[in-house]
Amino acid sequence: MNQEILNNIIEKEVQKSSITSKDIPDLDLYMDQIMTLFDSHLANNKKNEDDKLLTKTMINNYSKSKVITQVKGKKYTKEQIIQMLMIYQLKNSLTIQEIKQLLTPYYQENISLENIYNQFYQIQDKQQDELPQFIHQYLKDYQLPLNN
């Protein structure tokens, strides 16, 4: 791998966007509005142009399997949108069942996830800022060559 390719990969990773809790309206949203929110804020996180970040089927499955709290009517609260964001972030590392096991105690105790999500977002943001330096230092420390 050459330096230019590595820098492009790092840059793409650093440029990934997120949705902060402040980006989520305080009013309840319909499913299509949630998908638009995800698409407009997270579009550059797609690996391929045709990838879907969130679909109606995903939302319905999360609701049916109680990975998000019970939906009343057709609108979703800010808390439920935060739950979907946490699922979106965690599903690359954990199974949906593991995410459900992780989040269910918060739902049962009626604990808001907004502060937890905000802390998660801050950690992720800091890691993105430190990523280029970390990778270059790692390559240097382990004397891993870059083919030019």
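See the structure printed just above.
The following refers to the structure shown. Just so you know, these numbers come straight off a predicted model, no measurement behind them.

Procedures and definitions
Residues numbered from 1 in each chain as written. Predicted model: local features only at pLDDT ≥ 70, side-chain atom pairs only at ≥ 80, totals over all residues. Heavy atoms only, no water. Salt bridge = Lys/Arg side-chain N within 4 Å of Asp/Glu carboxyl O. Buried < 20%, exposed > 50% of the residue type's maximum accessible area, 1.4 Å probe, protein only. Helix = DSSP H or I, 4+ residues; strand = E, 2+ residues; numbered from the N terminus. Core = buried A, V, L, I, M, F, W, Y, C linked by side-chain atoms within 4.5 Å. Contact = heavy atoms within 4.5 Å.

1. Some thoughts on the pattern of salt bridges
Thought 1: For the structure shown, the criterion picks out 5 salt bridges.
Thought 2: Between Lys16 and Glu13 there is a salt bridge, and its shortest N-O distance comes to 3.5 Å.
Thought 3: Overall, Lys16 belongs to the partly exposed group, its relative accessible area being 24%.
Thought 4: A salt bridge links Lys78 to Glu114, with the nearest nitrogen and oxygen atoms 3.6 Å apart. On the criterion of sequence distance, the pair formed by Lys78 in helix H4 (residues 78–90) and Glu114 in helix H6 (residues 114–141) is long-range, its members being 36 residues apart.

2. Points about the nonpolar core
Thought 1: Residues Phe38, Tyr76 and Ile81 are the most contacted members of the largest nonpolar core, which totals 30 residues.
Thought 2: The set of elements that each furnish at least two residues to this core consists of helix H2 (31–42), helix H3 (56–64), H4 and helix H5 (96–108).
Thought 3: With 8 residues, the single largest contributor to this core is H4.
Thought 4: Discounting chain neighbours no more than four positions away, the residues touching Phe38 are Ile19, Ala43, Leu53, Leu54, Ile81, Met84, Leu85 and Tyr88.

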